[in-house]
Amino acid sequence: MRGGRLVLDEFDTPAPAMGQVLAEVLACGICGSDLHTLEHTDDFAKMSSTAAAVADFPTETFDPGADVVMGHEFCARILDVGDNTANCKPGDTVVSIPIVMDAGGVHPVGYSARYPGAYSEQVVLSDMLCMKVPNGLDPAEAALTEPMAVGLHAVEMSRITPGHGALVIGCGPVGLAVTAALRLAGVETIVGSDFSSARRALAATMGATEVVDPSEEPPMEAWRRLGGNRELVIFEAVGVPGMLAEVTRSAPRGTQVVVAGVCMQTDSFRPADAIARELNYQFVLGYDPGQFGRTLHRSAVGQIDVAPMVPGRVGLAGVAAAFEDLRDPDRHAKILVVP
């Protein structure tokens, strides 16, 4: 990403320092956050600064004026290792939490000007954060460990139990990951809502018990029709201004709202509407290492099938066009970059 555009260029091969490894990228998913970052660069820079300010360790902030190689949902093969590494060896196929650590602090892979992300041929990773891909899992499926872990984290941060019902608003990659995690958590009634017929079909494949088109039936009415006698947890997975206000005005009394969609613009809602309904808001971000590892295991043993999510694949030269294609939700839910 250079000057608000995606360009293809060459850089020197990165070298692994102490505690680091060099890896060949096998596959990398294009994340909705990357699309938002390219379109709302200044807003993402502000969010990055806020996140760094509340971190417990020095963290590199996103620099919109620098060259940034994006890509943080990846699977890679180890080529070389630096000193003081004991986890990985050349030839290992791995996924990794997208963070690189060095003497200067923590660097977010895919949003760092110092460490290239995985829309590239090679990346430097932290040895201790790499997890070996088990059970012969296809690298294309292993690459989606990161976004699927986001869904698991959202579900585990909620108060949902099998006796609750769930309403997932937005069936893009985050909503699909939430849906899969809800199914594995034993939630019996999962309503998915999206304008896109293709994404509604994917939501049903990933575990939604009912899918609705909000232009034909408001999602809250669908919920009342299907499971309105249960306690409800709403997962907001759209991340555009106005969604919180809409949910606040229509949620049943006592509902928990888990905000998993990343809205980078200023948004607002009327607190009195939430107070009258005694709503509980839980904002979520990312995942922890345990959730990342459990997600990888679930994919490797077949508990999660992410293959239907990835009909599109491009090489490095096709990344810019893929960003445009992903703006049409009926064309693709996810596109993989295969260098």
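The paragraphs below set out a description of the structure included in this document. (Residues numbered from 1 in each chain as written. Predicted model: local features only at pLDDT ≥ 70, side-chain atom pairs only at ≥ 80, totals over all residues. Heavy atoms only, no water.)

### Some details on the overall build of the protein chain
Helix and strand counts for the protein chain stand at 11 helices and 15 strands. Taken along the three principal axes of its C-alpha coordinates, the protein chain extends 60 × 40 × 35 Å. Counting only residues that meet the buried cut, the protein chain has 51% of its 339 residues in that class. Long-range contacts, defined here as pairs at least 24 residues apart, represent 73% of the contacts in the protein chain between residues at least 6 apart. In the form shown here, the protein chain has an accessible surface area of approximately 14700 Å², with 51% of it arising from carbon and sulfur atoms. Both charge centroids of the protein chain, one from 24 positive and one from 42 negative side chains, sit 6 Å from each other. (Helix = DSSP H or I, 4+ residues; strand = E, 2+ residues; numbered from the N terminus. Buried < 20%, exposed > 50% of the residue type's maximum accessible area, 1.4 Å probe, protein only. Contact = heavy atoms within 4.5 Å. Areas by Shrake-Rupley, 256 points an atom, 1.4 Å probe, with all protein chains shown as cover. Lys, Arg positive; Asp, Glu negative; His and termini not counted. Charge placed at Lys NZ, Arg CZ, Asp CG, Glu CD.)

### Quick notes on the nonpolar core
Proteins that are soluble and globular tend to have nonpolar side chains buried together. Ranked by size, the top nonpolar core spans 48 residues in total, and within it Met-148, Ile-160, Leu-176, Leu-182 and Phe-235 carry the most contacts. Elements with a minimum of two residues in this core: strand 1 (20-29), helix 3 (139-142), helix 4 (145-157), strand 8 (165-169), helix 5 (173-184), helix 6 (197-206), strand 11 (232-236) and helix 10 (289-300). (Core = buried A, V, L, I, M, F, W, Y, C linked by side-chain atoms within 4.5 Å.)

### A short note on the sheet that holds strand 8
Neighbouring strands of a sheet are bound in pairs by backbone hydrogen bonds; such pairs are parallel or else antiparallel. Strand order in the open sheet formed by six strands is 10-9-8-11-12-13, with parallel pairing between adjacent strands. Looking at which strands have only one partner, the edges of the open sheet turn out to be strand 10 (210-212) and strand 13 (280-283). Averaged over all neighbouring strand pairs, the angle between strand axes comes to 20 degrees, with direction disregarded. For strand 8 and strand 9 (residues 189-193), the ladder comprises five bridges, and the chain directions are parallel. Counted as the bridge partner of Val-168 is Gly-192 from strand 9. Set on the sheet, helix 5 makes contact with strand 8, strand 9 and strand 11; between it and strand 8 the angle comes to about 165 degrees. (Pairing = 2+ DSSP bridges. Axes fitted to C-alpha atoms, helices over the stretch in contact; angles between N-to-C directions.)

### Focus: helix 10
With 12 residues, helix 10 ought to run about 16 Å at 1.5 Å a step, and its terminal C-alpha atoms sit 17 Å apart, in line with that. Turning to helix 10, its buried residues number three or more, namely Gln-291, Phe-292, Thr-295, Leu-296, Arg-298, Ser-299 and Ala-300. Packed against the buried residues of helix 10 are strand 3 (93-96), strand 7 (130-132), helix 4 and helix 5. At the N-terminal boundary of helix 10, the capping side chain belongs to Asp-288, with an oxygen 3.0 Å from the backbone nitrogen of Gly-290. Looking at the residues trailing helix 10, positive phi occurs at Gly-302, about 85 degrees. (Expected span 1.5 Å × (residues − 1). Polar contact = N/O pair within 3.5 Å; in protein donor to acceptor, adjacent residues only side chain to side chain.)

### Description of the state of the cysteines
Evaluation of the coordinates by the stated rule reveals zero disulfides. Cysteine Cys-31 is unpaired, with the sulfur of Cys-28 as its nearest cysteine sulfur at 9.3 Å. When its relative accessible area of 12% is taken as the criterion, Cys-31 is described as buried. In this structure Cys-130 is not part of a disulfide, and its nearest cysteine sulfur, from Cys-88, lies 4.1 Å away. (Disulfide = S-S within 2.5 Å.)

### A few points about the side chain of His-107
With respect to the helices, strands and loops of the structure, His-107 is situated in strand 5 (residues 105-108). At a separation of 2.9 Å, a polar atom in the side chain of His-107 contacts the side chain of Asp-102. Not counting chain neighbours up to four residues away, the residues in contact with His-107 comprise Glu-60, Pro-98, Ile-99, Val-100, Asp-102, Ser-112, Arg-114 and Tyr-115.

### So, the packing of helix 4 against helix 5
A pair of packed helices is characterised by two quantities: the angle between their axes and the separation of those axes. For the pair helix 4 and helix 5, the least separation of the axes is 7 Å and the interaxial angle reads 55 degrees. Overall, the two elements helix 4 and helix 5 adopt an arrangement that is oblique. Every pair of crossing elements has a handedness; the one defined by helix 4 and helix 5 is right-handed. In contact with Pro-147, Met-148, Gly-151, Leu-152, Ala-154 and Val-155 of helix 4, helix 5 contributes Ala-177, Val-178, Ala-180, Ala-181 and Leu-182. Taken together, the residues of the contact of helix 4 with helix 5 sort by class into 10 nonpolar, one polar and no charged. (Parallel < 35°, antiparallel > 145°, perpendicular 65-115°, else oblique. Left-handed = near helix turned anticlockwise from the far one by under 90°. Nonpolar A, V, L, I, M, F, W, Y, C, P; charged D, E, K, R; others polar.)

### Comments concerning the pattern of salt bridges
Under the criterion given, the structure shown has 16 salt bridges. Ionic pairing is found between Asp-273 and Arg-270, a salt bridge with its closest N-O pair at 2.9 Å. Here the salt bridges share partners, and the residues they tie into one network are Arg-2, Asp-9 and Asp-67. (Salt bridge = Lys/Arg side-chain N within 4 Å of Asp/Glu carboxyl O.)

### Structural notes on helix 2 (residues 41-54)
Every α-helical turn comprises 3.6 residues, leaving residues that sit three or four positions apart pointing alike. The end-to-end C-alpha distance of helix 2, which contains 14 residues, comes to 20 Å, matching closely the 20 Å that a straight helix rising 1.5 Å per residue would cover. Buried within helix 2 we find Thr-41, Phe-44, Ala-45, Ser-48 and Ala-52. Looking straight down helix 2, one finds that the buried residues subtend no more than 105 degrees of arc, so they occupy a single side. Projecting away from the buried face of helix 2 at angles above 90 degrees are the exposed residues Asp-42, Lys-46, Thr-50, Ala-53 and Val-54. (Arc of directions from axis to C-beta.)

### Describing the packing of aromatic side chains
Counting across every chain of the model gives six aromatic pairs. Aromatic side chains Phe-44 and Phe-62 sit 5.0 Å apart centroid to centroid with 85 degrees between the ring planes, which places their arrangement in the edge-to-face category. Taken together, the residues Phe-44 in helix 2 and Phe-62 in the loop between helix 2 and strand 2 (73-81) connect sequence positions 18 residues apart. The two residues Phe-44 and Phe-62 agree in class, both being buried. Pairing Tyr-287 with Phe-292 gives two aromatic rings, centres 5.4 Å apart and planes at 45 degrees, and the pair type is tilted. Through successive ring pairs, a cluster of aromatic residues spans Phe-44, Phe-62 and Tyr-111. (Phe/Tyr/Trp six-rings, centres within 6.5 Å; stacked < 30°, edge-to-face > 60°.)

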